[in-house]
Structure formats: structure tokens, C-alpha cells
Amino acid sequence: MAKAQQGGGPLSGVRVVELAGIGPGPFAAMLLADLGADVVRIDRPGGGALTIDPPHDITNRGKRSVVVDLKTAEGREAALQLVDRAHVLIEGYRPGVAERLGVGPEVCMGRNPSLVYGRMTGWGQDGPLAERAGHDIGYIALTGALGISGPADGPPAFPANLLGDFAGGSLYLVVGVLAALRHAEGGGGPGQVVDAAIVDGASHLTSILHGMLASGVWQDRREANLLDGGAPFYGTYRTADGAYMAVGALEPAFYAEFVRLLGLEHEVPPREDVAGWGELKRAIAERFAVRTREEWTEVFAESDACVAPVLSLAEAPEHPHLKARRTFVERAGMVQPAPAPRFSATPTEIDGRPAEPGEHTREVAADWQIPALLNETL
């Protein structure tokens, strides 16, 4: 059933046009769809590079798809007619590409002055690197966000593309889009361009660390600080079966519970003795190594020691807490994260399977009243 007919979610009634891309743009559009927006994705003929098999591309869930060739006059006009009826447009091209295709902000907002035009890039719309290609790992490298992770005597560790593309990119784009929508609709202002650059968002995420650095409580090197593995009571430890436990016993009361359950409360130097952190870390590591992850999980299960098993992607949905909250759900034959956050008055749910390119052309043409989409030359 069409999104426009179903409603639901706090963004019900909001129309979004997404110009197909990869990574953070599609994820941002998925989040808007999760929140109830009617998202129409304009896919290009033949698809793009680095695409996931469409039935398994969760970032296309809850959307509808039309295939339009923006390089033809007919295709461009059909796309612009969608833009005429939209509240939001999202594109993730390099700077200047949308303009060359004839769907840049000046053209789109000239036709629809209240449009929120969301631009998702790695480097931003200006600056010396704006025209350069890039990916998540390079963006977070430049911002310092990559350099804080990993062992002191080893390479930096990167969490797939979660930190740059999705945390520093998609989420900041969505925040910007929602703020601009509030300004355009609730505040009576015009539409505007939202320039969401991953380097800006990832840098913004490090705000508290820059404050700690300025105050002298953070050292500008890896594994030397409270939150980067330097502290023995905030890190990961290998268990007897080769798995890991995560420890976050920062507060004194939680730490006391932690060492008590480990059986180390009278055998290790005090946590305040930074000079003894090496000895403390070795003692904790040796103790964790004598039991399996499952055994340690049981030991800490009912405590406030802030200790948790490190689970894999496949294991996480089976954790009792996540199952109880239905943090993961099964839809379209796939286990996938449920929409987040949650709303009391306008609950959200996954609306449909991932969209196949072009499968909703007739539906969108009718709902959005754009017969030009049915032109077979598009």
C-alpha cells in the first residue's frame, strides 16, 4: 500500500525526493521514511556503483522508487515536477553535479521556494577538497575522529563507516532538514539549502574531547585517556573462549562492584594510582582470561558494574534486552534494526520491503499527480 495512503509517524504528510546515491544520503532518506515521510527515490537507469542487491538494501525500506534519466530533457522535467510537490530534496553528488544536471538548488527552489534542499557530501560544498573524491575513512582521518581510536602501538581502529557516513553525515543532514522544515513551515520562513558535510559533522561529534583537550584532561595520543582504552576500567578484555567483554566502570561505585565481582578488590592497586594502571590492566586481563564470555556475562548480569559481552552483528538481535524492546525486527525475510527513536503519540514502523528500482512509477504518478512519469522515454 502506498505510504501516502497509510500515514503514521511524526513526519506523515511530508514529501521527500531522494536523488539516488550511496551511503549517507540513502540512510538519511531511510530515516525520514522510518519517521513517516513519503520518500520517492529517483533511481538512475542501470543503477550506480557499489550498490547492494535491491531486495536486501535496508536503506531503501519504506521508500518508493521511480527510474528517471536526469540527462534527458523529459526525465529532468519529470523529476522537477516531483520537486514541485515536495517539501524536501536530498542529493549526495559532488559539488556542481546537480547544477549540471539541471536539478540544483537555484532551479529547484526557483520552482518551489519553500523547498528544503539537503546536500550530503564528504568534504562540503566549498573548500580546497570540495571537488575531490573521498570515503568515510578519509573524512574521519582528517577530523581527528579516527586518530583517537586503537592501541597506542598499533594502527587506528575504524568502526566500518558508522562514525563518518552515518553519525557525522546522515544524522546531521536529518537534523538540518528537520530544522529547516520547522523554519519554512512552522516559522513562516522560506526554504533553504542544508549543506551537510561529513567532515563538519564528524568534527562536531568531537566537541567534548576538544574541551577536555583544552582543559588538560585529554592527551593528544591514543590509549592514554579515560575513554580511549588508556584507563583499565574502560576497555575490552579477551575471555577464555577468544571472545571479549566490554568494561565501562567509570564511576567509583560501579568500579567497586566491578572489581568485587572479578574477585580482585584486595589484590590490585587503587584506580586513582595512574602509575599503577599497567599492573591493574594486566590483573584484569588475566582474570577475564580464565572464564568464557558466557560465564562472565552471567557473573555481571544482575550488577551495576557496567560490563557487557561484545556481540557480533548476528548475535545482537538475540540478546534478551534487545529482544524485549524489539530493537530488531524481522521484515521482508530479513532481521533489521527497528526505527528509532520511539514516539508515544505518532508511533513508527517499517513500512514495506526495500524498494526495487522503478517499481512504484505508476503509483507515484497517481499519488503525486505527475502523468509525465509514465512517459516510456524517461
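Preceding block: the structure.
Conventions we followed
Residues numbered from 1 in each chain as written. Predicted model: local features only at pLDDT ≥ 70, side-chain atom pairs only at ≥ 80, totals over all residues. Heavy atoms only, no water. Patch = residues over 30% accessible without salt bridge, like charges linked within 9 Å, V, L, I, M, F, W, Y side chains within 5 Å. Areas by Shrake-Rupley, 256 points an atom, 1.4 Å probe, with all protein chains shown as cover. Salt bridge = Lys/Arg side-chain N within 4 Å of Asp/Glu carboxyl O. Lys, Arg positive; Asp, Glu negative; His and termini not counted. Charge placed at Lys NZ, Arg CZ, Asp CG, Glu CD. Helix = DSSP H or I, 4+ residues; strand = E, 2+ residues; numbered from the N terminus. Buried < 20%, exposed > 50% of the residue type's maximum accessible area, 1.4 Å probe, protein only. Pairing = 2+ DSSP bridges. Axes fitted to C-alpha atoms, helices over the stretch in contact; angles between N-to-C directions. Contact = heavy atoms within 4.5 Å. Right-handed = clockwise from strand over helix to strand, strands pointing away.

Draft legend 1. View of a negative patch on the surface. Together, Asp 241, Glu 294, Glu 295, Glu 298 and Glu 302 give the surface a local cluster of negative charge. Of note, Glu 295 is situated in helix H12 (residues 293–300). Taking relative accessible area as the criterion, Glu 295 reaches 41% and is therefore assigned partly exposed.

Draft legend 2. View of the sheet that holds strand E4 (residues 88–91). The six strands are arranged E3-E2-E1-E4-E5-E6 in an open sheet whose pairing can be described as parallel. Of all strands in the sheet, those bounded by a partner on one side alone are strand E3 (64–67) and strand E6 (192–197). Neighbour-to-neighbour, the strand axes of the sheet open up by a mean angle of 20°, direction not taken into account. The sheet contact formed by strand E5 (residues 116–121) and E6 spans six bridges and is parallel. Considered in E6, the bridge of Gly 118 is made with Val 194.

Draft legend 3. Fine view of a nonpolar patch on the surface. On the surface, Leu 226, Leu 227 and Tyr 234 cluster together into a nonpolar patch covering about 230 Å² of accessible area. Among the structural elements, Leu 227 can be located in the loop between helix H9 (207–215) and strand E7 (234–238).

Draft legend 4. The environment of Ile 284, seen in detail. On the secondary structure map, Ile 284 appears in helix H11 (residues 277–288). A sequence separation of 96 residues divides Ile 284 from Gly 188, and the C-alpha atoms of the two residues are 59 Å apart. Not counting residues within four places of it along the chain, the set of residues in contact with Ile 284 comprises Pro 232, Tyr 237, Phe 258, Leu 262 and Leu 264.

Draft legend 5. Main features of the pairing of strand E2 (residues 38–43). The buried fraction of E2 is high, at six of six residues. Neither face of E2 is exposed, since Asp 38, Val 40 and Ile 42 on one face and Val 39, Arg 41 and Asp 43 on the opposite face are all buried. Two strands pair when backbone bridges link them, and strand E1 (residues 15–19) and E2 are joined in this way by five bridges, in the parallel orientation. Bridging from a neighbouring strand, Leu 19 pairs with Ile 42 of E2. Handedness of the β-α-β unit built from E1, helix H2 (residues 24–34) and E2 comes out right-handed.

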